[in-house]
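# Commentary on secondary and tertiary structure
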Amino acid sequence: MKDLKDYDYNALLLNLTTSSLNKAQRRWRIAYAAIYSVRAMLSLVKEIIPGRIDPKAPDASFSLSYTALESGDGAKINSMPLSYVPDIDQERLVEIMKAKDLPGIRGLGGVEGVAASLRTNATKGIHGNEQEVSRRRDLFGSNTYHKPPPKGLLFFVCEAFKDTTILILLACATLSLGFGIKEHGIKEGWYEGGSIFVAVFLVIVVSALSNFRQERQFDKLSKISNNIKVEVLRDSRRQHISIFDVVVGDIVFLKIGDQIPADGLFLDGHSLMVDESSMTGESDHLEVDHKNNPFLFSGTKIVDGFAQMLVVSVGMSTTWGQTMSSINQDSSERTPLQVRLDTLTSTIGKAGLTVAALVLVVLLVRYFTGNTEDKLGQREYNGSKTPVDTIINSIVRIVAVAVTIVVVAIPEGLPLAVTLTLAYSMKRMMSDQAMVRKLSACETMGSATVICTDKTGTLTLNEMKVTKFWLGQESIHEDSTKMISSDVLDLLYQGTGLNTTGSVCGSDSGPTPEFSGSPTEKALLSWTVLNLGMDMESVKHKHDVLRVETFKSAKKRSGVLIRRKSDNTVHVHWKGAAEMVLAMCSYYYTSNGSVDLMDVTARNTIQAIIQGMAASSLRCIAFAHKVSSNDSGLEEDGLTLMGIVGLKDPCRPGVSKAVETCKLAGVTIKMITGDNVFTAKAIAFECGILDHNDKEEEEAVVEGVQFRNYTDEERMQKVEKIRVMARSSPSDKLLMVKCLRLKGHVVAVTGDGTNDAPALKEADIGLSMGIQGTEVAKESSDIVILDDNFTSVATVLKWGRCVYNNIQKFIQFQLTVNVAALVINFIAAISAGEVPLTAVQLLWVNLIMDTLGALALATERPTNELLKRKPVGRTEALITNVMWRNLLVQSLYQIAILLILQFKGMSIFNVRKEVKNTLIFNTFVLCQVFNEFNAREMEKKNVFKGLQRNRLFIGIIAITIVLQVIMVEFLKKFADTVRLNGWQWGTCIAIASLSWPIGFFTKFIPVSETPFLSYFKNPKSLFKGSRSPSLKKP
């Protein structure tokens, strides 16, 4: 290449315009000149600001990258240095990734060439400082995708206007306003129509605000659930960051069960298999390697192996990002309880519609037959003498009353109450270390009868430490490790240092290195490095890894095939569950390095050693080795046992209390673990799952293979007695869940591995682990336990029951108002030809009952008493006999009082009609206020317990009372009320307050166990004392 200083740029530019060149040649000459011009300018920069780039920087070798272009006639333009800013055409790289263009990657210098262009050091990663990360984010974009904006408040206001009853009321209000202004003038004529407008407006605003609030809540929860933690390499250190913080150039560590966080290229790893079904729809798993298929795509899942990935595109540049940007998160998921309530709402609505139709007919007939009077006591309809405007205005008023009855009758607050209590519970459960992914799980968890839980990390701390080490038949103590032969020690280094998914790196805080990986891997590496003196980097440099078989739950072991560089020998290493590895061994090492035959006596002795450690609740891991004659696969027999370690994983504090709490709540706890039967039993006794006084201990503990081999009949017969299943596989867990559900149980299952996904999906409630759980497990679950703690599972159970209980409280409260309002209006309309409550008053009652009532009762916090009840199960009636008793007694009391006031109120209180109607309205509203306290407890007589802790309830009651005073005392024309004196207010409060003693004594009335509504389906059951047969599982 000519020196730049000697190059004649004038001649070059002259040649560019030479007419003898064709179009393609001219294009390449221009490109050629442009590239040299860039190089010349960079040379000037180097001369002006020399030494600005630190040559000692960790990635100085990548400060310049090179690009090769080929001219039109095939002559290669020489490589040239470009800027230290990552020099790569991002759009071109994105296209290569989408097309899986392997030649395109090779043209960029392979994966290593791409890494160099992105200034990524393959062994140290990128700089982790904020400036570097921000620069990459600015250059290549952030790892987020554009979502359709969340629905605004105006959207929900428009949705509320689509309600048919609201539209009819608005039409009536418009007509009433028009006729009122025409008849009485603008000053006096707007009150009736205007007041209906204001009342309807209040209902719409409150409804829209509630729905808008829930939309925002779901949006926040969606962001939290999508915030996956990813392990990356930055500044030579493995660290966990948010998926949203991943940038182009990052090196990401991937293992089984991980979701790939961005598009990237395979940098290093073994046996990597990827599930791309979420992207392509194909169920076959693809093998990804460095040579033939290095492409990894965002949103796909790792199903086998492990790898390091170079991130090449993020966010909207990925295929997954472009797909997800067009999908809006649906927060309108209907839970089973909401579906049941929709049916209930529809049934009550039909009853209300029937009553409203009858009231409409009766009022119209009475009006046109001259049986109604106006406020002055004069006959309203006088045939042809009555003006048309007056007739239409009267009809509009009658229709408005009928429609308002429908509005009050339809308990639209039921779905709102469910949404409020679910959203409130979801928010509170987050602070209690549980993230709800599916709404239905909140309510279903309250019905759980069985919880199938893992051991490691859920019942235990998952903080492993090697406490025992046996070499053959010899116990090796910490102070006697120097006695171990150097040959055996070297093999142990290979077995732990190369057959691992963990890593060792230096620490800034001190001489002790940092260990990463699973708790088991960290414990083994820590023991080998700190106790046995292993140098991880030295071991890696002395060996080449040929093949890797990653740990699988079915085999409970992992293996590696390596070649030692010093003598070119091939070695097989296996590590895993002690009895599984022992079964593969024919020999064993002694501490002096000799190899002894594994005869029957030696095998029995070693098995006894394993059982002894397991009985002490130690997890037993064995190491085996063999010199192999081929490098094509990992041999699984004729191995030599190197040693057995015992890892202690203590039980979590408070787990035994949580297990006891669940038992008292009528929920059975079953432990399903991959550990051997002795370790499983020891932990089960320690946690309280098994009792030393249990006479059925033999039937309570089984191994997975034993459970698997039962006949269907045996399995169904024994499944309820089993408390512990050891050495189980994920398929055994799935089988147990299916059996329990067939027996009619509501089953909750905990899981953390990819293979747990089928059981998590099959269960009624899937609980995945937030720390140790894979992304596949989390996606398959309904609730994520953020701290992996069983105590949090017990808390979720309590919250589930709270949700169900709060909904029942609100149903009882609302149905009381429904029944009372419908009966009063119906009887008054038929007998007196008028309804005591106007349209505005009924809309106000509707607001108290639906929205404010839902807020007050749906936000009650869970109490420990909830866990002293039996689980609801599948077949329990939503409206229990206790609820029917409470609501019918309160409804009858309200109906009786209001009908007395309707027909005898004027004579009893010696007041005019307007005052009587105000007394009816005021008493009816105050009855609901007092009854709201009764609804807090359905069975307990003390309804004030814990009231001081629920400030929202107290606040809503206070707001309701203040607004009621304003309605009666100040909004007289708006609410069609008159002022009441102190004695009249006292009378209304006294009548309403009787709801408390009535509610107290009502709870002494015994109720039958037979569901109340079943009497109407089967009248014969009225004369039977036995319980009705339980419903079959749907």
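All residue numbers here refer to positions counted from 1 along the written sequence of the relevant chain. Under the rules for a predicted model, residues below a pLDDT of 70 receive no local features and side-chain atom pairs below 80 are neither given nor counted, while totals for whole chains, interfaces and linings still include all residues. With hydrogens and water stripped out, all remaining heavy atoms of the structure feed into the side-chain values.

### Details of the overall build of the chain
What counts is decided by this rule: Under the DSSP-based scheme used, a helix requires at least four consecutive residues in state H or I and a strand at least two consecutive residues in state E, with every element numbered from the N terminus. Accessibility here uses a 1.4 Å probe with only protein chains present; expressed as a share of the type maximum, an area under 20% marks a residue as buried, one over 50% as exposed, and anything in between as partly exposed. The contact rule is simple, with two residues in contact once any of their heavy atoms fall within 4.5 Å. In these tables, accessible area is a Shrake-Rupley quantity obtained with a 1.4 Å probe, and a residue counts as shielded only by the protein chains included in the view.
For the chain, the count of helices and strands is 37 helices and 28 strands. The buried share of the chain, taken over its 1034 residues, is 52%. For the chain, long-range pairs separated by at least 24 residues make up 71% of all intrachain contacts whose partners lie at least 6 apart in sequence. If you sum the accessible surface of the chain, you get close to 47500 Å²; carbon and sulfur atoms cover 57% of it.

### Notes on unusual backbone geometry
Backbone geometry places Ser236, a non-glycine residue, at a positive phi of 70 degrees. Take Ser236: it is sitting in the loop between strand E3 (229-234) and strand E4 (237-242). Located in the positive-phi region is Asn910, a residue other than glycine, with phi close to 55 degrees. Following the sequence through the fold, Asn910 ends up in the loop between helix H31 (881-909) and helix H32 (913-934).

### Digging into a nonpolar patch on the surface
Going by this rule: Nonpolar side chains (Val, Leu, Ile, Met, Phe, Trp, Tyr) are joined into patches within 5 Å and like charges within 9 Å, using only residues with over 30% relative accessible area and no salt bridge. Only one rule defines a salt bridge in this text: a Lys or Arg side-chain nitrogen within 4 Å of an Asp or Glu carboxyl oxygen.
On the surface, Ile959, Ile961, Val962, Leu963, Val965, Ile966, Phe970 and Leu971 cluster together to form a nonpolar patch covering roughly 620 Å² of accessible area. Here Phe970 is to be found in the loop between helix H33 (951-969) and helix H34 (972-975). Classification of Phe970 as exposed rests on a relative accessible area of 55%.

### Thoughts on the nonpolar core
Where we set the bar: By nonpolar core is meant a set of buried Ala, Val, Leu, Ile, Met, Phe, Trp, Tyr and Cys residues that side-chain atoms within 4.5 Å join together.
In terms of nonpolar packing, the biggest core is built from 84 residues, with Ile405, Phe921 and Phe924 touching the most fellow members. Setting aside residues up to four positions removed in sequence, Phe924 forms contacts with Val817, Ala820, Ala821, Ile824, Leu837, Val845, Gln894 and Leu898. Counting 66 residues, the second largest nonpolar core, distinct from the first, contains Met426, Ile879, Val882 and Trp884.

### Quick look at helix H26 (residues 730-742)
This is how the line gets drawn: Here the expected span of a helix is defined as 1.5 Å times the quantity of residues minus one.
Between its first and last C-alpha atoms H26 spans 19 Å; for 13 residues at 1.5 Å apiece the expected length is 18 Å, and the two agree. Taken residue by residue, H26 has Pro730, Asp732, Lys733, Leu734, Met736, Val737, Cys739, Leu740 and Arg741 as its buried positions. Taken from the residues just after H26, Gly744 is the one with a positive phi, measuring 95 degrees.

### Some points on the environment of Leu952
Within the secondary structure layout, Leu952 lies in helix H33. For Leu952, a relative accessible area of 40% puts it in the partly exposed group. The spatial distance from the C-alpha of Leu952 to the C-alpha of Glu860 is 8.9 Å, given a sequence separation of 92 residues. Setting aside chain neighbours within four positions, we find Leu952 in contact with Leu855 and Thr859.

### A word on the sheet that holds strand E26 (residues 747-751)
Convention followed: Whether two strands pair comes down to DSSP finding at least two bridges between them. What counts as an axis is a line fitted to C-alpha atoms, over the stretch in contact for a helix, and the angles between N-to-C directions run from 0 to 180 degrees.
Spatially, eight strands are ordered E10-E28-E27-E26-E11-E23-E25-E24 in an open sheet, and the strand pairing comes out mixed. Strand pairing shows two members of the sheet lacking a second neighbour, strand E10 (434-436) and strand E24 (701-703), which therefore form its edges. Neighbour-to-neighbour, the strand axes of the sheet open up by a mean angle of 20 degrees, direction not taken into account. Across four bridges, the pairing between strand E11 (residues 450-453) and strand E23 (residues 668-672) is parallel. If you follow Thr453 over to E23, its bridge partner there is Met671. Sheet strands touched by helix H22 (residues 677-687): E23, E24 and strand E25 (724-726). Its angle to E25, the strand with the most contacts, is close to 150 degrees. Most of the contacts of helix H29 (residues 790-832) go to strand E28 (residues 783-785), to which it runs at about 145 degrees, and overall it touches E10, E11, E23, E26, strand E27 (765-769) and E28.

### Digging into the UniProt feature "transmembrane region" (unreviewed entry) in the chain
Basically, it comes down to this: UniProt positions are given in the numbering used here, feature names are shortened, and annotations may be inferred rather than shown by experiment.
In the numbering adopted here, UniProt assigns the feature "transmembrane region" (unreviewed entry) to residues 153-181, 193-212, 348-368, 395-424, 815-833, 839-858, 952-971 and 983-1005. Measuring from the first to the last C-alpha atom of residues 952-971 gives 26 Å, for a span that is 90% helix and 0% strand. Helix makes up 83% of residues 983-1005 and strand 0%, with an end-to-end C-alpha separation of 34 Å.

### Let's talk about a positive patch on the surface
Stated formally: Residues scored as charged are limited to Lys and Arg (positive) and Asp and Glu (negative), so that His and the chain ends carry no count. By convention, charge coordinates are those of NZ in Lys, CZ in Arg, CG in Asp, or CD in Glu.
Judged by side-chain charge, Arg213, Lys427, Arg428, Arg861 and Arg949 come together as a positively charged surface patch. With respect to the secondary-structure elements, Arg213 resides in helix H9 (residues 191-226). Arg213 gets classed as partly exposed once you look at its relative accessible area, which sits at 48%.

### With respect to the pattern of salt bridges
Oppositely charged side chains can form a pair if their charged atoms are brought close together. Counted by the stated rule, this structure contains 28 salt bridges. The partner of Arg234 in a salt bridge is Asp250, and the shortest N-O contact between them spans 2.7 Å. In this pair, Arg234 sits in strand E3 while Asp250 sits in the loop between E4 and strand E5 (251-254), placing the two residues 16 residues apart along the sequence. Looking at Arg234, the relative accessible area reads 6%, which means it is buried. The partner of Arg708 in a salt bridge is Asp732, and the shortest N-O contact between them spans 2.8 Å. One end of the pair, Arg708, is in helix H24 (residues 704-709); the other, Asp732, is in helix H26, with 24 residues separating them in the sequence. A residue is classified by how much of its surface remains accessible, and Arg708, at 37% relative accessible area, is partly exposed. Asp732 sits in the buried class, given a relative accessible area of 1%.

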